[in-house]
Number of protein chains: 2
Amino acid sequence: MSTKPLDYENLNENVKKCQYAVRGELYLRASELQKEGKKIIFTNVGNPHALGQKPLTFPRQVIALCQAPFLLDDPNVGLLFPADAIAKAKHYLSLNSGGLGAYSDSRGIPGVRIEVADFIERRDGYPSDPEHIFLTDGASKGIMQILHTIIRVPTDGVLVPVPQYPLYSATISLYGGSLVPYYLEETADWGLDINDLRQSIGQARQNGTTVRAMVIINPGNPTGQCLTEQNLRQIIQFCYEENLVLLADEVYQQNIYQDKHPFMSARKVLFDMGQPISKELQLVSFHTVSKGYWGECGQRGGYFEMTNIPPKSVEEIYKVASISLSPNVPAQIFMGLLANPLKLGDISYEQFSRESKGILESLRRRAHIMTDGFNSCKNVVWAMYSFPQIQLPPRAIDAAKKVEKAADVFYCLKLLEATGISTVPGSGFGQKEGVFHLRTTILPAEEDMPSIMSSFKKFNDEFMDRYE
Amino acid sequence: MSTKPLDYENLNENVKKCQYAVRGELYLRASELQKEGKKIIFTNVGNPHALGQKPLTFPRQVIALCQAPFLLDDPNVGLLFPADAIAKAKHYLSLNSGGLGAYSDSRGIPGVRIEVADFIERRDGYPSDPEHIFLTDGASKGIMQILHTIIRVPTDGVLVPVPQYPLYSATISLYGGSLVPYYLEETADWGLDINDLRQSIGQARQNGTTVRAMVIINPGNPTGQCLTEQNLRQIIQFCYEENLVLLADEVYQQNIYQDKHPFMSARKVLFDMGQPISKELQLVSFHTVSKGYWGECGQRGGYFEMTNIPPKSVEEIYKVASISLSPNVPAQIFMGLLANPLKLGDISYEQFSRESKGILESLRRRAHIMTDGFNSCKNVVWAMYSFPQIQLPPRAIDAAKKVEKAADVFYCLKLLEATGISTVPGSGFGQKEGVFHLRTTILPAEEDMPSIMSSFKKFNDEFMDRYE
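Residues numbered from 1 in each chain as written. Chains lettered and ligands numbered in written order. Predicted model: local features only at pLDDT ≥ 70, side-chain atom pairs only at ≥ 80, totals over all residues. Heavy atoms only, no water.

### Let's talk about the overall build of chain A
So, point 1. In terms of regular secondary structure, chain A is built from 18 helices and 14 strands.
So, point 2. Each of the three principal axes of chain A carries a C-alpha extent, and together these read 70 × 65 × 50 Å.
So, point 3. Within chain A, the fraction of its 468 residues that count as buried is 65%.
So, point 4. As displayed, chain A has an accessible area near 16,800 Å², and 51% of this comes from carbon and sulfur atoms.
So, point 5. Charged side chains of chain A number 47 positive and 52 negative; the gap between the two group centres comes to 3 Å. (Helix = DSSP H or I, 4+ residues; strand = E, 2+ residues; numbered from the N terminus. Buried < 20%, exposed > 50% of the residue type's maximum accessible area, 1.4 Å probe, protein only. Areas by Shrake-Rupley, 256 points an atom, 1.4 Å probe, with all protein chains shown as cover. Lys, Arg positive; Asp, Glu negative; His and termini not counted. Charge placed at Lys NZ, Arg CZ, Asp CG, Glu CD.)

### A look at the sheet that holds strand β8 (residues 283-288) of chain A
All names here are of chain A.
So, point 1. One open sheet accounts for eight strands, arranged β2-β9-β8-β7-β6-β3-β4-β5; its pairing is mixed. Bordering the open sheet on either side are β2 (133-136) and β5 (191-192), each of which pairs with just one other strand.
So, point 2. Here four bridges tie strand β3 (residues 156-162) to strand β6 (residues 210-217), and the two strands are oriented parallel to one another. Bridge assignment links glycine 157 to a residue of β6, and that residue is valine 211.
So, point 3. The strands touched by helix α10 (residues 229-242) are β3, β5, β6 and β7 (245-249); relative to β6, the strand with the most contacts, the crossing angle is about 165°. (Pairing = 2+ DSSP bridges. Contact = heavy atoms within 4.5 Å. Axes fitted to C-alpha atoms, helices over the stretch in contact; angles between N-to-C directions.)

### Some remarks on the relation of the copies chain A and chain B
So, point 1. With an axial shift of 0.0 Å and an RMSD of 0.0 Å, the rotation relating chain A to chain B amounts to 180°. Considering both components of the superposition, the chain copies are consistent with a two-fold axis. For chain A, the residue whose C-alpha comes nearest the rotation axis is alanine 64 of chain A, separated from it by 2.1 Å.
So, point 2. Here 100% of the interface residues in chain A have copies in chain B that are interface residues too; the copies meet face to matching face. (Least-squares fit on C-alpha atoms with pLDDT ≥ 70 in both.)

### Details of the interface of chain A and chain B
So, point 1. Contacts between the two partners involve 100 residues from chain A, matched on the other side by 100 residues from chain B.
So, point 2. Taken over both partners, the interface formed by chain A and chain B buries close to 8,400 Å², and the fraction arising from carbon and sulfur atoms is 59%.
So, point 3. Among the residues chain A hides against chain B, the three largest losses belong to Leu6, Tyr103 and Ile323 of chain A. Together they make up 10% of the total.
So, point 4. Across the chain A-chain B interface, the total number found is two salt bridges. (Buried area = accessible area lost by both parts, 1.4 Å probe. Salt bridge = Lys/Arg side-chain N within 4 Å of Asp/Glu carboxyl O.)

### Some words on a positive patch on the surface
All names here are of chain A.
So, point 1. Taken together, the side chains of Arg395, Lys402, Lys414 and Arg466 define a basic patch exposed on the protein surface.
So, point 2. Take arginine 395: it is sitting in helix α16 (residues 394-402).
So, point 3. Residue arginine 395 is classed as partly exposed on the basis of its relative accessible area of 47%. (Patch = residues over 30% accessible without salt bridge, like charges linked within 9 Å, V, L, I, M, F, W, Y side chains within 5 Å.)

### A few points about the packing of helix α3 (residues 57-67) of chain A against helix α3 (residues 57-67) of chain B
So, point 1. Look at α3 of chain A against α3 of chain B: their axes get within 8 Å of each other, and the N-to-C directions meet at 175°. Regarding the angle of α3 of chain A to α3 of chain B, the classification is roughly antiparallel. In this structure, α3 of chain A uses Arg60, Ile63, Ala64, Cys66 and Gln67 of chain A to contact α3 of chain B, whose residues at the interface are Arg60, Ile63, Ala64, Cys66 and Gln67 of chain B.
So, point 2. Here the residues of the contact of α3 of chain A with α3 of chain B sort into six nonpolar, two polar and two charged. (Parallel < 35°, antiparallel > 145°, perpendicular 65-115°, else oblique. Nonpolar A, V, L, I, M, F, W, Y, C, P; charged D, E, K, R; others polar.)

### Some details on the nonpolar core
In globular proteins that are soluble, nonpolar side chains generally tend to be buried together.
So, point 1. Among the nonpolar cores identified, the biggest contains 319 residues, and Met214 of chain A together with Met214 of chain B are the most heavily contacted of them.
So, point 2. Beyond its immediate stretch of four places on either side in the chain, methionine 214 of chain B contacts Leu159, Tyr182, Leu192, Leu197, Ile235, Phe238, Cys239, Leu244, Val245, Leu246 and Leu247 of chain B. (Core = buried A, V, L, I, M, F, W, Y, C linked by side-chain atoms within 4.5 Å.)

### Brief notes about the pairing of β3 of chain A
Residue and element names in this part refer to chain A.
So, point 1. Of all seven residues in β3, seven are buried, a share of seventy percent or more.
So, point 2. In β3, alternate side chains face the same way, and those of Asp156, Val158, Val160 and Val162 on one face and Gly157, Leu159 and Pro161 on the other are all buried.
So, point 3. Traced from β3 through helix α8 (residues 167-174) to strand β4 (residues 178-185), the parallel crossover comes out right-handed. (Right-handed = clockwise from strand over helix to strand, strands pointing away.)

### Some thoughts on the pairing of β7 of chain A
All names here are of chain A.
So, point 1. Most of β7 sits inside the fold, with five of its five residues counted as buried.
So, point 2. Residues Val245, Leu247 and Asp249 line one face of β7 and the alternating positions Leu246 and Ala248 line the opposite face, and both faces are buried.
So, point 3. Pairing of β6 with β7, which is carried by five bridges, proceeds in the parallel orientation. Bridging across to β7, isoleucine 216 finds its partner in alanine 248.
So, point 4. Between the parallel elements β6 and β7, the chain passes through α10 in a crossover that is right-handed.
So, point 5. By the bridge criterion, four bridges tie β7 to β8 in an arrangement that is parallel. Following the sheet pairing, aspartate 249 is matched in β8 by phenylalanine 286.

### A word on the sheet that holds strand β2 (residues 133-136) of chain B
Residue and element names in this part refer to chain B.
So, point 1. Strand order in the open sheet formed by eight strands is β2-β9-β8-β7-β6-β3-β4-β5, with mixed pairing between adjacent strands. The two strands at the open ends of the sheet, each matched to only one other strand, are β2 and β5 (191-192).
So, point 2. As defined by bridge partners, strand β8 (residues 283-288) adjoins strand β9 (residues 302-307) across six bridges and the pair is classed as antiparallel. Residue pairing in the sheet places valine 284 in a bridge with methionine 306 of β9.
So, point 3. Packed on one face of the sheet, helix α7 (residues 138-150) meets β2, β3 (156-162), β6 (210-217), β7 (245-249), β8 and β9 and runs near 160° to β8.

### Structural notes on the packing of aromatic side chains
So, point 1. Counting across every chain of the model gives 30 aromatic pairs over all chains.
So, point 2. Summarising the aromatic geometry, the rings of phenylalanine 463 of chain A and tyrosine 467 of chain A are spaced 4.8 Å apart at their centres and angled 45° between planes, so their arrangement reads as tilted. With a gap of four residues between them, phenylalanine 463 of chain A and tyrosine 467 of chain A both fall in helix α18 (residues 449-467), about one helical turn apart.
So, point 3. Judged by centre distance (5.7 Å) and plane angle (45°), the rings of phenylalanine 459 of chain B and phenylalanine 463 of chain B are tilted. Highlighted residues: phenylalanine 459 of chain B and phenylalanine 463 of chain B, both in helix α18 (residues 449-467), separated by four residues, approximately one helical turn. For the pair phenylalanine 459 of chain B and phenylalanine 463 of chain B, one class covers both residues: buried.
So, point 4. Among the aromatic side chains, those forming a connected cluster through ring pairs are Phe410, Tyr411, Phe459, Phe463 and Tyr467 of chain A.
So, point 5. Directly above the ring of tyrosine 8 of chain B sits lysine 312 of chain A, whose terminal nitrogen or CZ lies 4.0 Å from the centroid. (Phe/Tyr/Trp six-rings, centres within 6.5 Å; stacked < 30°, edge-to-face > 60°. Lys NZ or Arg CZ within 6 Å of the ring centre and 35° of its normal.)

### So, unusual backbone geometry
Residues and elements named next belong to chain A.
So, point 1. Residue proline 222 is bonded to the preceding asparagine 221 through a cis peptide linkage, with omega at 10°.
So, point 2. Among the structural elements, proline 222 can be located in the loop between β6 and α10.
So, point 3. Even without being glycine, arginine 300 reaches a positive phi, approximately 60°.
So, point 4. Considering the arrangement of structural elements, one finds arginine 300 in the loop between β8 and β9 (302-307).
So, point 5. Arginine 300 sits in the buried class, given a relative accessible area of 3%.

### So, the domain arrangement of chain A
Residues and elements named next belong to chain A.
So, point 1. Under the domain assignment, chain A is made up of domain 1 (8-52 + 377-467) and domain 2 (99-339).
So, point 2. Averaged C-alpha coordinates put domain 1 and domain 2 at centres separated by 27 Å.
So, point 3. Listed per partner, the contact involves 29 residues of domain 1 and 36 residues of domain 2.
So, point 4. Here domain 1 packs against domain 2, burying approximately 2,500 Å² in sum over the two surfaces, 61% of which is carbon and sulfur.
So, point 5. Counting every contact that joins domain 1 to domain 2 gives nine residue pairs in polar contact (both at pLDDT 80 or more).
So, point 6. Breaking the side of domain 1 that touches domain 2 down by element, the ones donating at least two residues are α1 (13-17) and β14 (436-441).
So, point 7. No other element matches α1, which puts three residues into the side of domain 1 that touches domain 2. (Domains from an automatic or database assignment. Polar contact = N/O pair within 3.5 Å; in protein donor to acceptor, adjacent residues only side chain to side chain.)

Now the structure itself:
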């Protein structure tokens, strides 16, 4: 009998080609070990609640009331919920006819998109149009939709930083386009050298690639750097000259633990640059409720904002969004709550601000513990991740070759088996030839960090002893 | 200056090609009219809560507690929540480390997938493997993912019923495949004639199409029919002989208001047929929390179940699901609650069952009002929609041509302007040449139905008078 349509050999080749290291070999092995009863510390993905971070109380009160609107008529509701949460729940319920059980407009609830536009205006100092903001099931879905709109044929290319978050490489494969890498410079705090960028695009064009877009991840994933204002100006100028759409992944904008390079949105820098470029450059910016001090990953909320995208194209993007009807409504409310937070004087303000500060300060302390712990490696920690370089001795590289593994995969697997720490090898994000890294989040509980770092150090020393 | 990458002329052609009538021209015009202050009755999409259906209390209590887990420690929780809702919330929180704020496994929470497998086993009488069940953000996302896995090149074809739910035509366009239509027979209660099916596939192959899959929508959308067991056997045999994957869209399985043709899942019929076919045919079945008497559209919950799909292919599907990390977690809990409902004797059982019955009976009554109201047209109502045929006089067809509209679009626009009733023209779903329909949901509030039907009748009489 012939093979069947869903047999492996008959699947869409783009589906087979794509790789997603964050939940790849290491994650699968970690899941197996967990099933066998081993204690695993999952630091492969930025998933703070899974590692014990508590949700912020106020947004959860509001969403609980939206899910159970009948409580609003209960005389006892005030015993469990503060008045401002009750008022906010009524506000959000009034924005979507039928509440959380009803599909919203496919772009998201109009009233929430207005709150997001106001948030952007406060942040950047320039007004934002809610009609150009689409709410999404997490930032990932929005990024995937925009890349799908851009990629037409296999020779369409997208500039992606290396190291990068593998959502980009996977999605570009999935939609059958070409990834055009540009390297971030480890020795310069993972900054971006505009000359390297010119070289990357030149080489890609020589190879017949039509470069159509450039991705920046700012603050960086996995590297954690914030691009400087000067760097952003160069990038914007470059995209303008080279006729590229700029895709600005800014999901870590609230994860800043240093004052040297504050976060600036690509949109603000673009508008600061004035005309003609501010009216010309096509920009799509992404944000989420999954990161920052909220960490509401499981809710899957996010948005993208389009700048200088013509109305006919916005309509097409709207049409495609409408095929899956609407992003999930509860997460849209989370997005609204993030965009339109409590103000000084609100009943719950003090608690909300204490909780937020507590989370951010703990993240900052954990970032420092990790920076110190990895000080044998070159390492900078700024956002939610650490991406230390691992100096692998030649004998380790040979041992990895024997078992047909990349050297950093080999190292991370040994680390996992020995300590239960589940990381992602640098090769999943891309790195220069012969240089090896691992990525870990800084999210394990603060009280566990010292023992994690010392078990890492013990493993690393033994590994080096063995292979040196 | 040259055009830019996100200008309309430079977008992915597949994006531009796809059409999605449910939120197409009629919906956009209705939204405009609504903005201008006109009262619009949206019957374009099966969105029951938006038209006043109340959510079931028990699942909403559970999810509210899961969103606000700190309430579980509050001594007053019992004043607002029954003990079984509290117990269920604790159960679901125990299934995902970090609760609703944490990404789950990309296939969905293992414990919920076990509950779904048990539901399927109770329904069909055959065991189901939770490892082959993936939870999704609504059924649509799952359908899109599977179609993407199947479609490799433009000549890959998928058999789709006409009339169909335009998710299928839109998605096949979006992923660059070929839609191969087969016609449902209006004069035979929208049944499926296996000889027509053979003709469709034969013709497609003559045209160079590689037909790889067949979609059935059972109960039908927009037609509402339940396929008979005999029909399902024929379809399964046909897919087996022709080496097609069968995609069974069964999201309306709880929307049955007649006893003539009870719902039977494709999976049950497949297993009843025994070996070899039961071990051979590749089948993917889809379900949702959006339909039935739950109608929780805005939550975006659903699943697909794979039967006879080889492990290596399941792995690939898992990998692609993992790119967007996880389906939204709150809706996974809804899926679990739907799969594992309250039992006789549970505290909340009586209320839950009264509410469910109330909704189903009201839907049934509304289905009958609509059947009677459209009795001038040929019409059968069984699931959530009515799809009456509209006999358009030649002068109306000419008038439509003059304004460059399809005749049924013309009719539906006039209906919208005159009455505020927002329907979808039959051409959005596909219909035979020269035959016209409209699709409306049966979801407007029961008390509004008589006036809606009489305003429809008045409009229709005037329209016919004018153009006859």
